[in-house]
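# Structure at a glance
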Amino acid sequence: MSRRDRLAALILPEVRLWRRLAPGGFRILLLHDVPPAQRPVLARILGDLAAAGRLIGPAEAETLLDGAAPPPGPPPLLVSFDDGFASNRIVAESILAPLGIRALLFVCPGLIELAPAEQAAAVAANVLRGQRPAPEPLLGWDELAALAAAGHVIANHTLTHPRLAGLSPARLADEIGGGADLLARRLGPSAWFAFPFGDVGSIDSAAFAEIGRHHRFCRSGVRGGNDATTPKLALRADHLDLAAAPAWQALTLAGGLDPAYRAARKRLDRL
Ligand SMILES: [Zn+2]
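Here the structure is a predicted model, which means the values were calculated and not measured. (Residues numbered from 1 in each chain as written. Predicted model: local features only at pLDDT ≥ 70, side-chain atom pairs only at ≥ 80, totals over all residues. Heavy atoms only, no water.)

## Here we look at the nonpolar core
What counts is decided by this rule: We define a nonpolar core as any set of buried Ala, Val, Leu, Ile, Met, Phe, Trp, Tyr and Cys residues linked to one another through side-chain atoms lying within 4.5 Å. The cut-offs for exposure are 20% and 50% of the maximum accessible area for each residue type, with area from a 1.4 Å probe on protein chains only; residues under the lower value are buried, those over the upper are exposed, and the others partly exposed. The secondary structure listing takes helices from DSSP runs of H or I that are at least 4 residues long and strands from runs of E that are at least 2 residues long, numbered from the N terminus. We call two residues in contact when some of their heavy atoms are within 4.5 Å.
Core analysis: the biggest nonpolar cluster contains 31 residues, and Leu42, Leu46, Val79, Phe81, Leu96 and Leu144 have the highest contact counts within it. Among the elements of the structure, strand E1 (27–31), helix H2 (39–51), strand E3 (77–82), helix H4 (87–99), strand E4 (104–107), helix H7 (141–149) and helix H8 (169–187) are those that each provide at least two residues to this core. Contacts of phenylalanine 81, omitting those with residues within four sequence positions, involve Leu31, His32, Val34, Asn88, Val91, Leu96, Ala103, Leu104, Leu105 and Phe106.

This is the structure:
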């Protein structure tokens, strides 16, 4: 066991106790592509959460953000996927559907429209920043329509996945407004947006202004809980590392990594 995992196992009971005393709203899980080897891990984690009654869908999350009283007990979780990889549909049908879970899927409408080779190159360059090749294709419009029909919410993640911080007003309008418009034409309008990369350095106030013209809710990748007092364009989410040890995953789900992101949350709220 690594030092990180030993530490996670050590502090997990304290974090869970603290969460029971101060639940801190609901949390949003952030996942990307889910390769076959990681699906049993995800099925176990979501199965446990569903059995504990802790999973909510996008509609319930919206009511909590609008001020509905949160359920008693530890914070509920909303599942989200970024980038719209093909494995999201497999996971939705084989893991989420049997548990009755509805998720948020953030997709890049401009990348969906590309031919396969162009799309793989754009995903490697824009989404994975040249760190690895595209692991799998993106979901097409027909597959996304099927997921929407099953109750999942398909949302805007910009047209082509650029880093938004520092872009010109014209490019912000193209990427955010253009993505929202294309998504609306294909599947209907979406209240939700997530900005590419999710860290506080990848967003600025000009981008937030453009996001606010098209969407009600914007999810970041900064860790923390969400409630009616959280700015609706600065929602927090927890990246869940499916390759990590169970103790580290449990610590993530319990919000045990929140203290490390306090400064990032403050910066996000000030933008
Ligand atoms: Zn992304």
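## Structural notes on the UniProt feature "domain: NodB homology" (unreviewed entry) in the chain
Cut-off, in case you're wondering: UniProt positions are given in the numbering used here, feature names are shortened, and annotations may be inferred rather than shown by experiment.
Summarizing the sequence annotation, UniProt attributes the feature "domain: NodB homology" (unreviewed entry) to residues 73–200 in the numbering used throughout. With 45% helix and 13% strand, the stretch residues 73–200 has end C-alpha atoms that lie 30 Å from each other.

## Points about the packing of H2 against H4
Selection rule: To obtain each axis, a line is fitted to C-alpha atoms, and for helices this fit is confined to the stretch in contact; angles are then taken between N-to-C directions over 0 to 180 degrees. Crossing handedness follows the turn of the near helix against the far one: under a right angle anticlockwise gives a left-handed crossing, and clockwise gives a right-handed one. Under the scheme applied here, ten amino acids are nonpolar (Ala, Val, Leu, Ile, Met, Phe, Trp, Tyr, Cys and Pro), four are charged (Asp, Glu, Lys and Arg), and all others, including Gly, are polar.
Remark: H2 packs on H4, axes separated minimally by 10 Å, with the N-to-C direction vectors making an angle of 35°. Considering the relative orientation of H2 and H4, their crossing is right-handed. For the pair formed by H2 and H4, the contact residues are Arg39, Leu42, Ala43, Leu46, Gly47 and Ala50 on the first element and Ser87, Ile90, Val91, Ile95, Leu96 and Leu99 on the second. Of the residues belonging to the contact of H2 with H4, the class tally is nine nonpolar, two polar and one charged.

## Quick look at the packing of H8 against helix H9 (residues 205–214)
Condition: Reported orientations rely on four angle classes, namely roughly parallel under 35 degrees, roughly antiparallel over 145, roughly perpendicular from 65 to 115, and oblique for the rest.
Where H8 contacts H9, the two axes come as close as 10 Å, and the packing angle between them is 25°. The angle between H8 and H9 places the two elements in the roughly parallel class. Relative to H9, the crossing made by H8 is right-handed. Residue-level inspection shows Leu172, Ala173, Ile176, Gly177 and Ala180 of H8 in contact with H9, the latter providing Ala206, Ala207, Glu210, Ile211 and His214. Residues that form the contact of H8 with H9 fall into these classes: seven nonpolar, two polar and one charged.

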